Amino acid sequence: MAYRYIFVVSEMAGDLMAARYLRTVGRLGAGENRRFVGHAAGHLFLKSHAMSAEIYDAMCCRGFTGRPVSLTVMKLRSTDLLFILSNLMIVLILIAGEHLF
C-alpha cells in the first residue's frame, strides 16, 4: 500500500509540474521558480493529506478497526527462541570481529 501511495504522490507532483510548464509563457526568474516550488510543496502536502483521509475513510467503511486480525494464534515456540538466540550470536560475533580487525 505504501509503495502505491508513493507513486501516486509522485504522479501528482509530475502533473503539477506539467501543468505549470504548459501554462508558462517565456522565461521566469529564479525567485519566481523558488516561490512556485514552495507553493507546489505545500499544495502537494495538503493534497496527499486529503487523499490519506479518504483512504482511511474507505478502509473504515470496509471494516478496518485498527486492530490486527489473524486466523491463527501466534505463540512463542522453542524454534522461535532458537532463531532469536542464533541471530544474537551472529550479531555479537560480527561486532566482536569488527573490533578485533
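Let me sum up the structure you'll find in this document. (Residues numbered from 1 in each chain as written. Predicted model: local features only at pLDDT ≥ 70, side-chain atom pairs only at ≥ 80, totals over all residues. Heavy atoms only, no water.)

Of note, glycine 14 is situated in helix 1 (residues 2-23). Here glycine 14 falls in the partly exposed class, since its relative accessible area comes to 37%. Counting along the chain gives 17 residues from glycine 14 to glycine 31, while the straight-line C-alpha distance between them is 21 Å. (Helix = DSSP H or I, 4+ residues; strand = E, 2+ residues; numbered from the N terminus. Buried < 20%, exposed > 50% of the residue type's maximum accessible area, 1.4 Å probe, protein only.)

The end-to-end C-alpha distance of helix 2 (residues 30-61) is 46 Å, a good match for the 46 Å that 32 residues give at a rise of 1.5 Å each. Contacts from the buried residues of helix 2 go to helix 1. (Expected span 1.5 Å × (residues − 1). Contact = heavy atoms within 4.5 Å.)

What follows deals with the pattern of salt bridges. A full pass over the atoms with the stated rule returns one salt bridge. Ionic pairing is found between arginine 35 and glutamate 32, a salt bridge with its closest N-O pair at 2.5 Å. Of this pair, arginine 35 and glutamate 32 both sit in helix 2, three residues apart, which is roughly one turn of that helix. The exposure class of arginine 35 is partly exposed, given its relative accessible area of 47%. (Salt bridge = Lys/Arg side-chain N within 4 Å of Asp/Glu carboxyl O.)

These figures come from the coordinates and say nothing about function on their own.
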